[in-house]
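For reference, the chains in residue letters:
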Amino acid sequence: MKKLITAFFMILLAVGAASAFDKYTINRDELPEAAQNMLKEYFPKAKVGMIKVDRHLLKKTDYDVRLVNGTTIEFSNAGKWTSVDCKSREVPEGLISRPIRNYVKKNFSDVKIVKIKKKSSGFEVGLSDGVDLKFNLLGQFKGVKLEE
């Protein structure tokens, strides 16, 4: 029983320590300059609802920004966006490469791109009808993302 209580407190301590690395703020100045510039350029009128600064033990810091309109944007430690989810609104055109925009316009003319995620292998694009598409780094279509 004593071991069980000790293990419980160790787990509780570990969870508390892990959450101590996260910080919540609404101050845009805590974001890297590249992230601040991206927000100014593509979401100039949007107000920041919350910024979560994720500090990891072994990984670099990343930033999760939630705008008041519901849009969520994830940034790397360098301030480069890694994911933009506009919910039901369209992702700003400048964030989507021309080949991806052209492919979606040609093959899915009745829908809009509502989210985009950068990965090391390419891009995942979410459409307003719920379909997720995969593209390589050059913007060439690779397939439909299947639910995992």
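Undergrad: Any chance you could explain the packing of aromatic side chains here in plain terms?
TA: Applying the stated rule across the entire model yields four aromatic pairs. Here the aromatic rings of Tyr103 and Phe108 are separated by 6.5 Å at their centres, their planes lie at 50°, and the arrangement is tilted. Relative accessible area serves as the criterion here: at 22%, Phe108 is assigned to the partly exposed category. Ring plane angle 80° and centroid distance 5.6 Å describe the contact between Tyr103 and Phe135, whose orientation is recorded as edge-to-face. One end of the pair, Tyr103, is in helix 3 (residues 98–107); the other, Phe135, is in strand 8 (residues 132–135), with 32 residues separating them in the sequence. A relative accessible area of 23% means that Tyr103 is categorised as partly exposed. We classify Phe135 as buried; its relative accessible area is 3%.

Undergrad: I would appreciate a short explanation of the environment of Lys23 in the present structure.
TA: For Lys23, the position within the fold is in strand 1 (residues 22–25). Sequence separation between Lys23 and Val53 is 30 residues, and the spatial gap between their C-alpha atoms is 5.0 Å.

Undergrad: I tried to follow unusual backbone geometry on my own but got confused; where do I start?
TA: What is expected of a backbone is that most residues other than glycine have negative phi and most peptide bonds are trans. Positive phi outside glycine occurs at Lys87, with the angle close to 60°. Structurally, Lys87 can be placed in the loop between strand 5 (81–85) and helix 3. Take Lys87: its relative accessible area is 42%, and that puts it in the partly exposed class.

Undergrad: Before we go on, may I ask you to explain the side chain of Gln36 in this structure?
TA: As for its placement among the helices and strands, Gln36 is situated in helix 2 (residues 33–42). Apart from residues lying up to four places away in sequence, Gln36 is in contact with Arg28, Asp29 and Leu31.

Definitions and limits used
The residue numbers shown here count from 1 along each chain, following its written sequence. Reporting of local features is limited, given that this is a predicted model, to residues whose pLDDT is at least 70; pairs of side-chain atoms are given and counted only at 80 or more, and all residues count toward the totals for whole chains, interfaces and linings. As a rule here, side-chain values cover all heavy atoms of the structure and leave hydrogens and water aside. Here the aromatic set is Phe, Tyr and Trp, taking the six-membered ring for Trp, and pairing holds for ring centres within 6.5 Å; pairs whose planes are under 30 degrees apart are stacked, those over 60 apart are edge-to-face, and all others are tilted. A simple rule labels every residue: compare its accessible area, found with a 1.4 Å probe on the protein chains alone, to the largest value its type can have, and call it buried under 20%, exposed over 50%, or partly exposed in between. Helix and strand labels come from DSSP, where a helix needs a run of H or I of at least four residues and a strand needs a run of E of at least two; each type is numbered from the N terminus. Whether two residues are in contact is decided by their heavy atoms, any of which lying within 4.5 Å being enough.

Function cannot be read off these values alone, since they describe shape.
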